[in-house]
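# Descriptive structure summary
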Amino acid sequence: MTRYLAATTAVLLTAAVCTAVPAQAGTAEVVVAHGNLRDLQLGTVGPFDHASARVSMVQLNGRSRVVLQVRGIDRSVAGRDFGAHLHAGPCVTGDGAAAGPHYNSDTVAGRVPPQVDPTTEVWLDFEVSRAGTGFATTTVPFTPLPGKRAVVVHEMPTDHHGAAGPRQACLPVSW
Ligand SMILES: [Cu+2]
């Protein structure tokens, strides 16, 4: 389920205090998605088979702050790190390839080759707690374009090239 709403940053202007400072009015766009993770490895038992997640993205003044919360992870993997990213394509049960490549702001801008790092992509690696939860947050200097997209959880932590092993599960995010 995806919710979309817009909130206007409140700007207080009073003649007494704000005469010299230009007020910066921005419109924050907030995207929230939550639900059960969809299994991308049907037929194999994985630590995210009974997990759910919530992702929120606040876009303001050309930047985005993204927060990922995961719960219901099998506690046998407590202490392990897993890679997670915003992918350009949709989250389809049993079809990891459908999510396509990472969402990359350089690719969208047509830069060749695209830079691949946490400033051009939304990386949300998390460590599993003893309670079977995970939390990640990142702020990136771009605002992903709307579309049917996926937050994909991988089997390994993200390396310097952006790779994180097989795709395990995903959460649909559309706005
Ligand atoms: Cu990924």
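So, a few notes on the structure that sits alongside this text. Source: prediction; values computed, not measured. (Residues numbered from 1 in each chain as written. Predicted model: local features only at pLDDT ≥ 70, side-chain atom pairs only at ≥ 80, totals over all residues. Heavy atoms only, no water.)

## Here's the deal with the nonpolar core
So the rule is basically this: To form a nonpolar core, buried Ala, Val, Leu, Ile, Met, Phe, Trp, Tyr and Cys residues must be joined to one another through side-chain atoms within 4.5 Å. Only protein chains enter the accessibility calculation, which uses a 1.4 Å probe. A residue is then buried if its area is under 20% of the maximum for its type, exposed if over 50%, and partly exposed in between. A helix here means a DSSP run of H or I that spans at least four residues, while a strand means a run of E at least two residues long, and both kinds are numbered starting from the N terminus. Throughout, a contact is declared for two residues whenever any of their heavy atoms are within 4.5 Å.
The biggest cluster of nonpolar side chains holds 30 residues, and the ones touching the most others in it are Leu37, Phe48, Val55, Leu68, Val70, Ile73 and Phe126. Residue assignment for this core shows that the elements contributing at least two residues are strand S2 (27-36), strand S4 (52-60), strand S5 (63-71), strand S7 (84-87), strand S9 (134-140), strand S10 (148-154) and strand S11 (167-174). When residues no more than four places from it in sequence are discounted, the contact partners of valine 55 are Val31, Val32, Ala33, Val66, Val67, Leu68, Val151, Leu171 and Val173. Among the nonpolar cores identified, the runner-up in size contains six residues, and Leu40, Ala150, Val152 and Cys170 belong to it.

## Structural notes on the sheet that holds S11
Quick note on the threshold: At least two DSSP bridges between two strands are needed for those strands to be called paired.
If you trace the four strands from one edge of the open sheet to the other, you get S3-S11-S10-S7, paired in antiparallel fashion. The strands lining the two open edges of the sheet, one partner per strand, are strand S3 (38-39) and S7. As defined by bridge partners, S10 adjoins S11 across seven bridges and the pair is classed as antiparallel. Residue pairing across strands places valine 153 opposite alanine 169, the latter belonging to S11.

## Considerations on unusual backbone geometry
A cis amide bond links valine 112 with the next residue in sequence, proline 113, at an omega value of -10 degrees. By the element assignment, proline 113 lies in the loop between helix H1 (105-109) and strand S8 (126-127). Even without being glycine, asparagine 61 reaches a positive phi, approximately 50 degrees. With respect to the helices, strands and loops of the structure, asparagine 61 is situated in the loop between S4 and S5. On the basis of relative accessible area, asparagine 61 is assigned to the exposed category, the value being 52%.

## Concerning the coordination of the copper ion
Our working definition: Donor criterion used throughout: N, O or S atom within 2.8 Å of the metal, extended to 3.2 Å for Na, K and Ca. Water excluded; incomplete-looking sites may result.
Around the copper ion, the donor atoms from the protein are His85 (ND1), His87 (NE2) and His154 (NE2), and they sit 2.0 Å away. Motif for the copper ion, donor spacing along one chain: H-x1-H-x66-H. Here the residue histidine 87 occupies a position in strand S7, and histidine 154 occupies one in strand S10, the gap between them amounting to 67 residues. Grouping residues by exposure puts histidine 87 and histidine 154 together as buried.

## Some words on the packing of aromatic side chains
For clarity, the threshold we go by: Planes of paired rings set the category: under 30 degrees apart is stacked, over 60 is edge-to-face and the rest tilted, where pairs are Phe, Tyr or Trp rings (Trp by its six-membered ring) whose centres lie within 6.5 Å.
All told, the structure shown has four aromatic pairs when counted by the stated rule. Arranged with centres 6.1 Å apart and planes meeting at 90 degrees, the rings of phenylalanine 48 and phenylalanine 126 form a pair that is edge-to-face. With a gap of 78 residues between them, phenylalanine 48 in the loop between S3 and S4 and phenylalanine 126 in strand S8 connect regions that are remote in the sequence. Just as phenylalanine 48 is buried, phenylalanine 126 falls in that class too.

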